[in-house]
Amino acid sequence: MTVTWRTAIAIGVGLTLAAGAGGVARAQTPSGPPIRVGFSSAMTGPSAITGEGVKWAAQMLADEYNGRGGIMGRKIELSFGDNAGTPGEAVSAVRKLVDVDRVDVIIGQTHSGACLGALPVVKELQVPMVIEACSHPKIREMIGKNGNEWAFRVNPDDVMLANQFARYMAQSTKTVSIFAQNDDFGRGAATAYDAAFKKVGIKLVSTEFFDRGQADYRPVLTRVKRANPEAVLLIMLASEGSVFMRQFRELGLTQKLYARGSMATAEFLYQVKDTPSIADGLVEATYWTPALDPAWEKQWLDRWKVPVRIHGSLAAIAFRYAVAPAIEQAIRKTGRADRRTIRDALEEIDVPNTPVGRIRFDDTHQAFINMLLVEISGGQLKVLERIPILP
Amino acid sequence: MTGVRAAGWAGAAVLLVALPWLVAVALPGQERYVLHVAVFTTLYAALALSYDLVVGHVGSLSLAHPAFFGIGAYAAALLATGAAWPFPAALLAGVAAAGVVALVLGVPLFRLTEHSFAMGTLGFALVTQIVATNWVDFTGGPLCVTGIPKPALGALRITTLPGFYWMGLVAVVAVGLLYQRLTTFRLGRAFHAVRDNETLASAASIDPLRYRMLAFVIGGAVAGGIGALYVSYVGVLCPGELGVSLTVALLVMVFLGGVGSLRGVIVGAVAFTALPEVLRMAPTWRMVIYGLLLLVIVVRAPEGIEGLLRRGGARRRPASTGA
Amino acid sequence: MADLVEQLVHGLTLGSLYAMVATGLALMFGVVRLINFAHGEFYMLGGYAFWYGYRELGLPYPLAALAAVGAMGVFGLVYERSVIRSILTRTWHVQLIATLATSITLTNLAILVFGTQPKEVPTPLSSAVVDVGGVRLAWQRVVVLLAAVAIFAGLEWFVTRARLGKAMRAMSQNREACAVVGVDVQQVALATFGISAALAGAAAALVSPLFNIFPDVGSLLTLKAFAAVIVGGFGFVKGAIAAAFLIGVAESLAAGYVSYAYKDAIAFMVMVVVLLVRPQGLFGRRIGI
């Protein structure tokens, strides 16, 4: 059977419409209009893995809150935007969420380029955006009283973490090599630790960057071997980290390992479950670990039928401990949860006892959640210390 | 041009210029989004036209276009943020930078056979993206170029969506006029001679290298200019925007619409940029459908939508005087 | 010195990977004059097939590897029948765009089916390390190199001794003459695709234990394999193999001694330089595979 082009195009359009129709589901709510929450991340492109995590987290959260009757009786309705990790697409995603999906609040954008593109748009459109993971150091100079009253950020960037983590490292190390992923997260962190090391007297022996998805680290590991630091600071995520660790051990390297990213995580341990002690001794500075909410972790695995959770925790933190309390406060105070009242509530909320620490935005709209030091020990995760991050 | 056609053109022009008001009336509450899509559509249409000059009219399958777009974008962005160049100067710098690189690159590249030319341009595009990502001291790398100022020409400042839309409209009209001028009359015929039968063309003393270079350099320079306009709209430039996905987008636009045809390419650009927004499908599925669509189109209907339109027109008017 | 040897070892692993993938590309170009932009996706699918066999079905390593090779061989045949048949006689523009379109479709389908999370398939040999005079390497790397050599030797035997292989070589040299003497051109084309895809599947089964598998893994690989094919002289298989090893070693050395960040540019810069300086490839214009 020859497929004529007409047939093929008809099939194509049909598929398209079907795929589109799947995305439109309006929930009927018994009391009060639903509160529309938009989640924006990279759903396509090289970083699509983060979008998947954000989406799943959002769906679980919506089910959880709506199962309890919503927030103050108002159901949560989700919309998703795809920023493909780039600023241009982030502009499109935000505009779609605001003008087409009519969201009341946005959580996103995960990637710094996308965040930077989105910031002027949320200001123009006057919709509150809670940044959950963007780590570009410039963001702090741009939000809150620094020029954008509509943007808030829950996660710290490495400029905020580096001093404390460097101080911790200095207790047992004099020379360090940095090995960082070649994106906004890795580059920003490397610069921050370079500065922080100078303050605590650690000598930065070398800095190497790798592209994510490039799984051959031997050449650079040989360089690290040559540079011979006492410790290596890894700025990488678990998906790269597991391959990296194998090659690290293959080359017989024995340096003390520190990390920023997602190395001391269940995801990493799952990837190396055939050699669970491969990264014993690694200490990571992070803000989330399964021990903070084991029920959530288990629920995730049961729901999505995956062996381990990846990503999504930061979006969940942003929703649970910032956006949801703000929505509640907005309704309590004004009876309404719209863009302006949610924005005002975000400025005022002070949630002291969350698993990640106190959630309160300062006048630069930055929250200061706790830094956790997590160690991989005996193939398990162990929380060493909980350190509040100082403004 | 007959009176009826002229009236048609004038009507279309009025509609296009008045789009911001029409949208506000037709889709109240969504006009900002529609205008944003329109900005991207006009810029992509202009970019696709500049690409079609090279691919459609001299028949050189260049895969380097994202690199020229990126070079223009970075030149304009860095000069505007680092050296406070005013918008018109930054725009010209973007055009010039891309054009010069195209000139320098074109000379050795065009000595290659077709396959090697394609791979050479692809190699260049990849190296450009790698350099943009890793030469952090110069381009900022993954930390991006931020704070790119909005366009300002003397007292005229473009800060609103309608303003950007009109900027895009001016761009696509200007590029369209340039495209028309280059692809008709003697110059157009020379291009097509080189595309369709290079040996015959040289025998007729039409130097293929000269004409290929002309199309390549102009196409590259225009792409650089569009890059400069793009960053003035988005305000931020990251190296990820120079990737293979832009090549794919351009190929889809040009081949879906109709390679070698002004109307076709513009239709393709509109379909590619605006349609997904209208249809609102899951993003990964969208990519699968693009792939399948591109495959089917290029195999079954290589003239794209333009070919369909032409055939439809010819059937309706058997004694056709041309569309 | 041990340092240099280490980098070379790594370069040989990379080179083996690139060579196996480039061979398939060179075969396709040599025999049917087709540029297959979706070749990296053969590797990617082979990787997932291997992962499925080894991790999900629990097959022993050799069996899972053979299953991956077999699965990709079949896929290659299906691919030839469906996509390639309709573009074999078209211009190479059409071929390039059609195969590029296939690449996009396959990559995104893989995202939908397997998810974006990379899959790891470590084997006992990829964790076991052998120490050779101060240079440590996983046993799997030795396997990769030996298997690659065996595969290339087998391929050489095939095109010189086996009837189908000789037909492939003949077709790459003079297609019209083949048709005239009664070689079944269609069948040879079909076989070429099956073999090329199977080679990519073999590469995946051998190399995945050392690295990992994710939907986009093929795109960079396609480009580097192309670089090897071009540098080796379009359609000349031995040239492609040599060029692939050259690129693998150059990349490793550059990464180790010059700059790790720019290592991917090496393959493309080598390719661009060769294209500009010696466009017929390092080994000169050869006829046939």
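Residues numbered from 1 in each chain as written. Chains lettered and ligands numbered in written order. Predicted model: local features only at pLDDT ≥ 70, side-chain atom pairs only at ≥ 80, totals over all residues.

Topic: the packing of helix 14 (residues 283-300) of chain B against helix 4 (residues 92-114) of chain C
Where helix 14 of chain B contacts helix 4 of chain C, the two axes come as close as 8 Å, and the packing angle between them is 155 degrees. The angle between helix 14 of chain B and helix 4 of chain C falls in the class roughly antiparallel. The hand of the helix 14 of chain B/helix 4 of chain C crossing is left-handed. Only Val-94, Ile-97, Ala-98, Ala-101, Thr-102, Ile-104, Thr-105, Asn-108, Leu-109, Ile-111 and Leu-112 of chain C of helix 4 of chain C make contact with helix 14 of chain B, whose side of the interface consists of Thr-284, Met-287, Val-288, Tyr-290, Gly-291, Leu-292, Leu-294, Leu-295, Val-298 and Val-299 of chain B. Residues that form the contact of helix 14 of chain B with helix 4 of chain C fall into these classes: 16 nonpolar, five polar and no charged. (Axes fitted to C-alpha atoms, helices over the stretch in contact; angles between N-to-C directions. Helix = DSSP H or I, 4+ residues; strand = E, 2+ residues; numbered from the N terminus. Parallel < 35°, antiparallel > 145°, perpendicular 65-115°, else oblique. Left-handed = near helix turned anticlockwise from the far one by under 90°. Contact = placed C-beta atoms within 7 Å. Nonpolar A, V, L, I, M, F, W, Y, C, P; charged D, E, K, R; others polar.)

Some words on the nonpolar core
Formed by 368 residues in total, the largest nonpolar core has its most connected members in Leu-294 of chain B together with Ala-22 of chain C. Examining the composition of this core, we find that 18 residues originate from one element, helix 3 (residues 31-57) of chain B, more than from any other. Excluding anything up to four places from it in sequence, Leu-294 of chain B contacts Leu-251, Val-252, Phe-255 and Leu-256 of chain B together with Ile-97 and Ala-101 of chain C. (Core = buried A, V, L, I, M, F, W, Y, C linked by C-beta atoms within 7 Å. Buried ≥ 20, exposed ≤ 12 C-beta atoms within 10 Å, placed from the backbone.)

Structural notes on the sheet that holds strand 9 (residues 256-261) of chain A
Within a sheet, adjacent strands bond to each other through the backbone by hydrogen bonds, running parallel or antiparallel. All names here are of chain A. Sheet architecture is open: seven strands sit in the order 7-6-8-9-10-13-14, paired in mixed fashion. Two strands close off the open sheet at either side, each with one partner strand: strand 7 (203-210) and strand 14 (380-388). Taken over all neighbouring pairs, the strand axes of this sheet differ in orientation by 20 degrees on average, direction set aside. As defined by bridge partners, strand 13 (residues 370-377) adjoins strand 14 across eight bridges and the pair is classed as antiparallel. (Pairing = 2+ DSSP bridges.)

Topic: the interface of chain C and chain A
Residue-level contacts link 28 residues of chain C with 29 residues of chain A. Taken together, the elements giving at least two residues each to the side of chain C that touches chain A come down to helix 1 (2-32), strand 2 (135-138), helix 11 (237-258) and helix 12 (263-277) of chain C. With five residues, helix 1 of chain C is the single largest residue contributor to the side of chain C that touches chain A. A per-class count over the side of chain C that touches chain A returns 12 nonpolar, nine polar and seven charged.

Here we look at the confidence of the model for chain B
In low-pLDDT segments, the atomic positions of the prediction should not be examined closely. Residue and element names in this part refer to chain B. Mean pLDDT over chain B works out to 88, with 95% of the residues at or above the 70 mark. No element of chain B has a lower mean pLDDT than helix 15 (residues 304-316), at 75, and none a higher one than helix 4 (residues 65-82), at 96. Per the prediction output, this complex has pTM 0.88; the corresponding ipTM is 0.88. (pLDDT = per-residue confidence, 0-100.)

A closer look at the environment of Asp-216 of chain C
Looking at the secondary structure, you find Asp-216 of chain C in the loop between helix 9 (185-207) and helix 10 (217-232). Separated by 109 residues in sequence, Asp-216 of chain C and Thr-107 of chain C have C-alpha atoms that sit 6.2 Å apart. With near-sequence residues (within four places) excluded, Asp-216 of chain C lies in contact with Pro-46 and Gly-213 of chain A together with Thr-107 of chain C.

Focus on the environment of Gly-378 of chain A
All names here are of chain A. With respect to the helices and strands, the residue Gly-378 is situated in the loop between strand 13 and strand 14. Taking C-alpha positions, Gly-378 is 40 Å from Met-129, a pair spaced 249 residues apart along the chain. Among residues more than four places away in sequence, those in contact with Gly-378 are Ser-277 and Asp-280.

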